[in-house]
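Residue-level structure breakdown
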Amino acid sequence: MSIQENCFDRIVAAYPAQLEHRSLWMQSWADLENSVLSRTVDWFLKHWARCPTVAEFKAETVNERNRITVAAQRDRMNACPNCESGHVVIDWDKAIVHPCQSCRPEQFDRWQRGEYRPS
Ligand SMILES: [Zn+2]
């Protein structure tokens, strides 16, 4: 069974009698990464009482991809040997830090240009 079929079956099981257009769902999932698809199904099963439409599901895959990106960034920062959770400390006492060049290159570039605002 493919990931797509497995995901479809999980949705059918969670929302009985609400799904018909199997081929439509399969089509809309054709260009999705398996990890995003599978995690988005998990997300709906946890948060939604009713079955999402194909369009609602597709929209949530964008959010899921963002959540995966954020989680991957956090893992990179935690694993980075060159900083403290994404920050390089210049002066502990004055709490002066800048974004780490190794694990947060985009933020580091912005910091170098003077455009970085800590969040
Ligand atoms: Zn780092």
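Definitions and cut-offs
Within each chain, residues carry numbers counting from 1 in the order of the written sequence. Totals for whole chains, interfaces and linings use every residue, but because this is a predicted model, local features are given only for residues with pLDDT of at least 70 and side-chain atom pairs only at 80 or more, for both listing and counting. Here a helix means four or more residues in a row that DSSP labels H or I, a strand means two or more in a row labelled E, and each is numbered from the N terminus. Atoms counted for the radius of gyration: C-alpha only. Globule rule: 2.2 Å times residue count to the power 0.38. Here a residue counts as buried when 20 or more other C-beta atoms fall within 10 Å of its C-beta, as exposed when 12 or fewer do, and as partly exposed in between; the C-beta atoms come from the backbone. Two residues qualify as a contact pair if the distance between their C-beta atoms, derived from the backbone, is within 7 Å. Two strands pair under a simple rule: DSSP has to find at least two bridges between them. Every helix has an expected span of 1.5 Å times one less than the residues it contains. To define axes, lines are fitted to C-alpha atoms, for helices over the stretch in contact only, and angles between the resulting N-to-C directions are given on a 0 to 180 degree scale. Roughly parallel means an angle under 35 degrees; roughly antiparallel means over 145; roughly perpendicular covers 65 to 115; every other angle is labelled oblique. Following the grouping adopted for this structure description, the nonpolar residues are Ala, Val, Leu, Ile, Met, Phe, Trp, Tyr, Cys and Pro, the charged ones are Asp, Glu, Lys and Arg, and the polar ones are all others, Gly among them.

Secondary structure summary: the chain contains 5 helices and 2 strands in total. In the chain, the succession of helices and strands from N to C terminus is α-α-α-α-β-β-α. Over its C-alpha atoms the chain spans a radius of gyration of 20 Å, topping by over 25% the 14 Å that the globule rule assigns to 119 residues. Buried residues in the chain amount to 12% of all 119 residues.

Mapping C100 onto the fold places it in the loop between strand 2 (96-99) and helix 5 (105-112). Take C100: there are 21 C-beta atoms within 10 Å of it, and that puts it in the buried class. When the C-alpha atoms of C100 and E84 are compared, they prove to be 8.4 Å apart, with 16 residues separating the residues in sequence. Setting aside residues no more than four positions away along its own chain, C100 makes contact with C80, N82, C83, G86, H87, V88 and F108.

The phi dihedral of S85 falls on the positive side, at around 50°, and the residue is not glycine. Secondary-structure assignment places S85 in the loop between helix 4 (54-79) and strand 1 (87-91). A count of 12 C-beta atoms within 10 Å places S85 in the exposed class.

What follows is about the environment of D9. Tracing the backbone shows D9 in helix 1 (residues 3-14). We classify D9 as partly exposed; it has 14 C-beta atoms within 10 Å.

Looking down a regular strand, the side chains alternate between one sheet face and the other. Taken together, the 4 bridges between strand 1 and strand 2 define a ladder with antiparallel strand orientation. Across the sheet, V88 pairs through a bridge with H98, a residue of strand 2. The turn joining strand 1 and strand 2, which pair antiparallel and follow one another in sequence, is formed by 4 residues; a positive phi near 55° is taken by A95.

Here we take up helix 4. When the terminal C-alpha atoms of helix 4 are compared, their 37 Å separation across 26 residues agrees well with the 38 Å that a helix rising 1.5 Å per residue should span. The element helix 4 is largely exposed, with a buried count of 2 among its 26 residues.

On to the packing of helix 1 against helix 3 (residues 34-47). Helix-helix packing: each pair is described by the crossing angle between the helix axes and the interaxial distance. For the pair helix 1 and helix 3, interaxial distance at closest approach is 10 Å and the crossing angle is 5°. Classified by the angle between their axes, helix 1 and helix 3 sit roughly parallel to one another. Residues I3, Q4, C7, R10, I11 and A14 of helix 1 touch helix 3, and the partners they reach there are N34, L37, S38, V41 and L45. Looking at the contact of helix 1 with helix 3 residue by residue, the class counts come to 7 nonpolar, 3 polar and 1 charged.

Running from N to C, helix 3 and helix 4 point in directions that differ by 110°, and their axes come no closer than 9 Å. Classed by the angle they form, the pair helix 3 and helix 4 counts as roughly perpendicular. Only F57, E60, T61, E64, R65 and I68 of helix 4 make contact with helix 3, whose side of the interface consists of S35, V36, R39, T40, W43 and F44. Here the contact of helix 3 with helix 4 is composed, by residue class, of 5 nonpolar, 3 polar and 4 charged.

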